[in-house]
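Read off the chains here:
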Amino acid sequence: MRIYVDEREKNSGVPEILRGLGVTVIYRKLDVGDYVVSDRTAIERKSAGDFIRSIIDGRLFDQCRRLSEVYELSLIHI
């Protein structure tokens, strides 16, 4: 399996976990989402604090809209 990972996720620890599971991780600057797992599916990863800040400043709703415009299945992981 191959997953495209946004470059800003390098230090999150998630790419290393994915590699440990045998996933091929390819870093890219993604326009939307943090992880693209297929042509149809992307995931936006949020820490609890970032999730709350995103709701307060309105970013979350914009991110959700953009994800749903580009991908058939979009997920927010907290």
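Computed from a prediction, not measured in an experiment: that's the story for all the values here.

Analysis parameters
Residues numbered from 1 in each chain as written. Predicted model: local features only at pLDDT ≥ 70, side-chain atom pairs only at ≥ 80, totals over all residues. Heavy atoms only, no water. Pairing = 2+ DSSP bridges. Helix = DSSP H or I, 4+ residues; strand = E, 2+ residues; numbered from the N terminus. Contact = heavy atoms within 4.5 Å. Axes fitted to C-alpha atoms, helices over the stretch in contact; angles between N-to-C directions.

Enquirer: So what's going on with the sheet that holds strand β1 (residues 2-6)? Which residues, and what values?
Expert: Taken in spatial order, the 5 strands make up an open sheet running β2-β1-β3-β4-β5, and their pairing is mixed. Both outer strands of the open sheet, β2 (24-28) and β5 (73-77), are each paired with one neighbouring strand and no more. Relative to strand β4 (residues 41-45), strand β3 (residues 35-36) runs antiparallel, the two sharing 2 bridges. Across the sheet, the residue bridging to Tyr35 is Ile43, located in β4. Lying on the sheet, helix α3 (residues 59-70) is in contact with β4 and β5; it crosses β5 at an angle near 150 degrees.

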